[in-house]
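What follows is the residue order along each chain.
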Amino acid sequence: LAGMWLAARAVAATPDGTIWIGGREGSGAGIFADTETGLLLRLDGLSSEIASPLGAGVDPYVADLAVAPDGALWALLRTADDSYLARYDGQAWTTYATADGLPEVGARTFAGNGDRLAVGPDGRVWFSLFQRDSEDPLAKGDGLVEFDGQSFEHYLEGVQVEDLAIARDGSVWTSTDEGLYVITPEAVTE
């Protein structure tokens, strides 16, 4: 890894002291995902290694990282062919793709320039979504997606998410191009 240049996109620290850095190899020029040179670097204080959540030889672009209350690392990943939500429990990776209900690549993706990922106190994973049009290379906001471990739910369709935070009570706070929104735990469980 010596001499490698990493254009960092996301960083997270898990409770075991491991630092995770995601992005892509390169100079960092440009705001769009480069799905050919993606990289997830794991630093444990003694050594470093490239993590392969999608298997050996697959180096996805890392859009964002977040740590769950149980210490698991969550990652938004993208390759040229698909998007993924991945979870590392300290031993193994579990990945979710379009076949598992993750929003379809081509129509929706999270490889924009404002990706947001957060995990609530109940373990629910929230991330921003973007709408892509083949005529327009710029991604447009398409709200939030919530993953409860079984299925994906879409909120605030068509809205550009600027930032995302989850309160202790599980309410999801998001600033958008249309103002501030709060999604309460009651709205999620109905």
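Here, the structure is the one placed above.
Engineer: What am I meant to see in the overall build of the chain here?
Structural biologist: Check the secondary structure of the chain and you find one helix and 16 strands. A total of 190 residues make up the chain; the buried ones form 44% of that total. Accessible area of the chain: about 9400 Å², with a carbon and sulfur share of 47%.

Engineer: I would appreciate a short explanation of the sheet that holds strand E8 (residues 93-96) in the present structure.
Structural biologist: Strand pairing in a sheet relies on backbone hydrogen bonds. The paired strands run either parallel or antiparallel. Taken together, the four strands give an open sheet; going across it, the order is E5-E6-E7-E8, and neighbouring strands pair in antiparallel fashion. Among the strands making up the open sheet, the edge pair consists of strand E5 (61-67) and E8. Along the sheet, successive strands turn relative to each other by an average axial angle of 20°, direction set aside. Across four bridges, the pairing between strand E7 (residues 83-88) and E8 is antiparallel.

Engineer: What exactly am I supposed to notice about the packing of aromatic side chains here?
Structural biologist: We describe a pair of aromatic rings using the distance from one ring centre to the other and the angle between the two ring planes. By the definition in use, this model includes eight aromatic pairs. Here the aromatic rings of Trp 74 and Phe 147 are separated by 6.2 Å at their centres, their planes lie at 70°, and the arrangement is edge-to-face. Note that Trp 74 is positioned in strand E6 (residues 73-78) and Phe 147 in strand E12 (residues 136-147), a separation of 73 residues in sequence. Grouping residues by exposure puts Trp 74 and Phe 147 together as buried. The structure contains a cluster of three or more aromatic residues connected by ring pairs, namely Trp 74, Tyr 96, Phe 147 and Phe 152.

Engineer: So what exactly am I meant to see when it comes to the sheet that holds strand E15 (residues 172-176) here?
Structural biologist: Spatially, three strands are ordered E14-E15-E16 in an open sheet, and the strand pairing comes out antiparallel. The sheet is open, and its two borders are formed by strand E14 (161-166) and strand E16 (179-183), each paired with just one other strand. Each adjacent strand pair in this sheet contributes to an overall mean axis angle of 20°, direction not counted. Two strands pair when backbone bridges link them, and E14 and E15 are joined in this way by five bridges, in the antiparallel orientation. Bridging from a neighbouring strand, Ile 166 pairs with Val 172 of E15.

Engineer: Please explain the nonpolar core as it appears in this structure.
Structural biologist: Across soluble globular proteins, nonpolar side chains have a tendency to be buried as a group. With 18 residues, the main nonpolar core has Trp 74, Leu 85, Leu 117, Val 125, Phe 127, Phe 147 and Phe 152 as its most contacted residues. Elements with a minimum of two residues in this core: E5, E6, strand E10 (117-119), strand E11 (125-133) and E12. When near neighbours in sequence (up to four residues on either side) are disregarded, Leu 117 contacts Asp 64, Leu 65, Ala 66, Trp 74, Ala 75, Leu 76, Leu 85, Val 125, Trp 126, Phe 127 and Leu 164. Residues Ala 51, Val 62, Tyr 88 and Ala 97 belong to the second largest nonpolar core, which totals 14 residues.

Engineer: Help me understand a nonpolar patch on the surface, please; the structure alone is not making it clear to me.
Structural biologist: Residues Trp 173, Leu 180 and Val 182 make up a contiguous nonpolar surface patch of roughly 290 Å² in combined accessible area. Structurally, Trp 173 is set in strand E15.

Engineer: I would appreciate a short explanation of the environment of Gly 149 in the present structure.
Structural biologist: On the secondary structure map, Gly 149 appears in the loop between E12 and strand E13 (152-155). In this structure, the C-alpha to C-alpha distance between Gly 149 and Arg 124, residues 25 residues apart in sequence, is 7.1 Å.

Engineer: How should the pairing of E5 be read in this particular structure?
Structural biologist: Put simply, side chains in a regular strand alternate between the two faces of the sheet. The buried fraction of E5 is high, at six of seven residues. Two strands pair when backbone bridges link them, and E5 and E6 are joined in this way by six bridges, in the antiparallel orientation. Directly across from Tyr 61, in E6, lies its bridge partner Arg 78. In this structure, the hairpin formed by E5 and E6 is closed by a connection of five residues, where Gly 71 is found at a positive phi of approximately 90°.

Engineer: What am I meant to see in the side chain of Asp 64 here?
Structural biologist: The residue Asp 64 is located in strand E5 in this model. Of the buried charged residues, Asp 64 lacks a salt bridge, with Arg 116 as the closest side chain of opposite charge at 5.6 Å. At 3.0 Å, the side chain of Asp 64 forms a polar contact with the backbone nitrogen of Leu 117.

Parameters at a glance
- Residues numbered from 1 in each chain as written.
- Predicted model: local features only at pLDDT ≥ 70, side-chain atom pairs only at ≥ 80, totals over all residues.
- Heavy atoms only, no water.
- Helix = DSSP H or I, 4+ residues; strand = E, 2+ residues; numbered from the N terminus.
- Buried < 20%, exposed > 50% of the residue type's maximum accessible area, 1.4 Å probe, protein only.
- Areas by Shrake-Rupley, 256 points an atom, 1.4 Å probe, with all protein chains shown as cover.
- Pairing = 2+ DSSP bridges.
- Axes fitted to C-alpha atoms, helices over the stretch in contact; angles between N-to-C directions.
- Phe/Tyr/Trp six-rings, centres within 6.5 Å; stacked < 30°, edge-to-face > 60°.
- Core = buried A, V, L, I, M, F, W, Y, C linked by side-chain atoms within 4.5 Å.
- Contact = heavy atoms within 4.5 Å.
- Patch = residues over 30% accessible without salt bridge, like charges linked within 9 Å, V, L, I, M, F, W, Y side chains within 5 Å.
- Salt bridge = Lys/Arg side-chain N within 4 Å of Asp/Glu carboxyl O.
- Lys, Arg positive; Asp, Glu negative; His and termini not counted.
- Polar contact = N/O pair within 3.5 Å; in protein donor to acceptor, adjacent residues only side chain to side chain.

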